[in-house]
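Now for the letters of each chain:
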There are 2 protein chains.
Amino acid sequence: MTHEGLDLAQRLHQAGLRMTPQRQIVLDSLCAAGPHATAEEIFQRVREAAPSVDRATVYRTLSTLEEIAIVDVTRVHGKLVYEISGERPHHHLVCRRCGKMIELTHEPFSHLYHSLQEMTGFQILDRHLSLTGLCPACQGA
Amino acid sequence: MTHEGLDLAQRLHQAGLRMTPQRQIVLDSLCAAGPHATAEEIFQRVREAAPSVDRATVYRTLSTLEEIAIVDVTRVHGKLVYEISGERPHHHLVCRRCGKMIELTHEPFSHLYHSLQEMTGFQILDRHLSLTGLCPACQGA
DNA sequence: ATTACTGCAAAGGATTTGCATGTGA
DNA sequence: TCACATGCAAATCCTTTGCAGTAAT
């Protein structure tokens, strides 16, 4: 499960931080939860594994992990969702009506990123965008 | 100021809603506030015009206007910002470090929207996206 | 020993809701 | 008239913070 355990522990260490049991559990829960878990969902998983871990610890850990770029944060439906940032960037389409969500590779976005970079000089860093609209089934309604 | 007044009143009416003085004031404040006003900023403007209007009314009005597509909501810096949705779509680039924000036309996005529509069948409705990255000045740092 | 990390409890900000009253069509 | 809107106050949701105790290096 935590084949990246050592790796992540090292990255924490490089940042002057410590690998604690709580952080390990949060990381495990983050992996187990998949790519769009809210803080609350992660907290529930953490609680299953270790009921004594406090919600505040989960929030603090997520925030810490974000700062050192181990996790990505995005907003979907107005809520913050977290995921391990290791893999290649990907994005989502969410249906405004039924909530259906589909995953997208980065490919269709890379052209946009490049043109924006050329046009503006900005280096675009978003690795996990969430666009909204109507899914095919909901376009009739 | 409210050259669109009648128009908007009609759209409210078509949705079975009423044009009230409060809603008119919120709409005026929305216009006056420009394209990236938070609910709180709008409330402050409303309060200047009519101190008796409650914060809850502003929130309810913004939500109502969003539902009937008179206003657009977006998240910038984690905060919800509102704007009249009348004009053509536009987007923003925000610097993660210094907060600098530049405006973008929809053009570079339309290609992406089209490919996504072809690939997925989703009709993408976002008229006001906010991408983040590093502005030229902050890329060195 | 030092410094970071944790749990607990409490605070905080933003947004929503219940309810009685007011008001536009 | 009468369903919709409003003001007020309280509630709720999500997240952060202060502090004293605990643990890692």
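Everything numeric here is computed off the predicted structure, so don't read it as measured data.

As a further point, take the relation of the copies chain B and chain A. Of the two same-sequence chains, chain B is brought onto chain A (RMSD 0.4 Å, axial shift 0.2 Å) by a rotation of 178°. Those values place the two copies in the arrangement expected of a two-fold rotation axis. The position closest to the rotation axis in chain B is occupied by the C-alpha of Leu112 of chain B, lying 3.6 Å away. In this assembly, 100% of the residues forming the interface of chain B have copies in chain A that are likewise at the interface, indicating an isologous arrangement.

Working definition: the strands of a sheet are paired by backbone hydrogen bonds and lie parallel or antiparallel to each other. Residues and elements named next belong to chain B. With respect to topology, three strands assemble into an open sheet ordered β1-β3-β2, the strand pairing being antiparallel. The open sheet has two edge strands with one neighbour each: β1 (37–38) and β2 (71–76). The strands touched by helix α2 (residues 21–33) within the sheet are β1, β2 and β3 (79–84), with β3 carrying the most contacts at an inclination of about 100°.

Residues and elements named next belong to chain A. With domains assigned, chain A is organised as domain 1 (8–84) and domain 2 (90–140). Centre-to-centre, using C-alpha coordinates, domain 1 lies 24 Å away from domain 2. Taken together, the contact pairs eight residues of domain 1 with ten residues of domain 2. Roughly 660 Å² of surface becomes buried between domain 1 and domain 2 when both sides are summed, with 58% attributable to carbon and sulfur atoms. Counting every contact that joins domain 1 to domain 2 gives one salt bridge. Two residues, Arg127 and Asp72, come together in a salt bridge whose shortest N-O distance is 3.4 Å. For the interface between domain 1 and domain 2, the tally reads five residue pairs in polar contact (both at pLDDT 80 or more).

Residue and element names in this part refer to chain A. Following the sequence through the fold, His91 ends up in strand β4 (residues 90–95). Of the residues examined, His91 reaches a relative accessible area of 0% and is grouped as buried. Within the structure, His91 has its side chain in polar contact with the side chain of His106 (distance 2.8 Å). With sequence-adjacent residues up to four places away left out, His91 is seen in contact with Ile102, Glu103, Leu104, Thr105, His106, Phe109, Tyr113, Asp126, Arg127, His128 and Leu129.

Our next topic: the protein's contact with DNA strand C. Lining the immediate surroundings of DNA strand C are 21 residues, of which Arg18, Thr20, Arg23 and Thr57 of chain A together with Tyr59 of chain B lie closest. Within 4 Å of the protein, the contacting atoms of DNA strand C are drawn from sugar and phosphate to the extent of 65%. Between DNA strand C and Thr20 of chain A there is a distance of 2.7 Å, counted from a phosphate oxygen to a side-chain nitrogen or oxygen. One nitrogen or oxygen atom from the side chain of Tyr59 of chain B is found 2.5 Å from a phosphate oxygen belonging to DNA strand C. Going through the elements one at a time, α2 (21–33) and α4 (55–67) of chain A together with α4 (55–67) and β3 of chain B are the ones with two or more residues in the surface near DNA strand C. A per-element tally of the surface near DNA strand C places α4 of chain B first, with four residues. In the surface near DNA strand C, the residues fall into eight nonpolar, five polar and eight charged.

This part covers the pairing of strand β3 (residues 79–84) of chain A. Residues and elements named next belong to chain A. Alignment of strand β1 (residues 37–38) against β3, held across two bridges, turns out to be antiparallel. Residue pairing for β3: Ala37 is matched across the bridge by Tyr82. With six bridges joining them, strand β2 (residues 71–76) and β3 adopt antiparallel strand pairing. Within the sheet, the bridge partner assigned to Arg75 lies in β3 and is Leu80.

It is worth spelling out the protein's contact with DNA strand D at this point. Near DNA strand D there are 18 residues, and of these Tyr59 and Lys79 of chain A together with Arg18, Thr20 and Thr57 of chain B occur at the shortest range. Near the protein, meaning within 4 Å, the atoms of DNA strand D are sugar or phosphate in a fraction of 60%, with bases accounting for the rest. One of the side-chain nitrogen or oxygen atoms of Arg18 of chain B is found 2.8 Å away from a base oxygen of DNA strand D. Examining the composition of the surface near DNA strand D, we find that four residues originate from one element, α4 of chain A, more than from any other. The residue makeup of the surface near DNA strand D, split by class, is six nonpolar, four polar and eight charged.

This part is about the interface of chain B and chain A. Facing 30 residues of chain B, the contacting portion of chain A comprises 30 residues. Here chain B and chain A share an interface that buries about 2,700 Å² over both sides, 71% of which is from carbon and sulfur atoms. Remark: the boundary between chain B and chain A carries zero salt bridges. Connecting chain B to chain A are eight residue pairs in polar contact (both at pLDDT 80 or more). Elements with a contribution of two residues or more to the side of chain B that touches chain A: β4 (90–95), β5 (101–105), α5 (107–120), β6 (123–124), β7 (130–134) and α6 (136–139) of chain B. The element best represented in the side of chain B that touches chain A is α5 of chain B, accounting for seven residues. Class assignment for the residues of the side of chain B that touches chain A results in 18 nonpolar, eight polar and four charged.

Calculation criteria
Numbering of residues starts from 1 in each chain and follows the order in which that chain's sequence is written. Whichever chain is written first becomes A and whichever ligand is written first becomes 1, with later ones labelled in order. For this predicted model, a pLDDT threshold of at least 70 governs which residues receive local features, and a threshold of 80 or more governs which side-chain atom pairs are given and counted, while totals over whole chains, interfaces and linings are taken from all residues. Only heavy atoms go into the side-chain values, all of them from the structure, while hydrogens and water stay out. Least-squares superposition of the copies uses the C-alpha atoms of those residues scoring a pLDDT of at least 70 in each of them. Contacts: residue pairs with any heavy atoms within 4.5 Å of one another. Note on pairing: two strands pair once DSSP finds at least 2 bridges between them. Elements are defined by DSSP. Helices are runs of H or I of four residues or more, strands are runs of E of two residues or more, and each kind is numbered from the N terminus. Comment: axis = line fitted to C-alpha atoms, over the contacting stretch for helices; angle = value between 0 and 180 degrees taken between N-to-C directions. Reported domain spans reflect what an automatic or database domain assignment gives. Buried surface area refers to the total accessible area, computed with a probe of radius 1.4 Å, that the two partners give up upon joining, counted for both partners together. Any Lys or Arg side-chain nitrogen located within 4 Å of an Asp or Glu carboxyl oxygen qualifies as a salt bridge. Here a polar contact means two N or O atoms within 3.5 Å. Within protein one must be a hydrogen donor candidate and the other an acceptor candidate, and residues neighboring in sequence count only if both atoms are side-chain atoms. We call a residue buried when its accessible area falls under 20% of the maximum for its residue type, exposed when it is over 50%, and partly exposed in between, using a 1.4 Å probe and counting protein chains only. Any residue with a heavy atom positioned within 4 Å of a molecule or strand is treated as near that molecule or strand. Gly counts as polar in this scheme, as do all residues outside two lists: the nonpolar Ala, Val, Leu, Ile, Met, Phe, Trp, Tyr, Cys and Pro, and the charged Asp, Glu, Lys and Arg.

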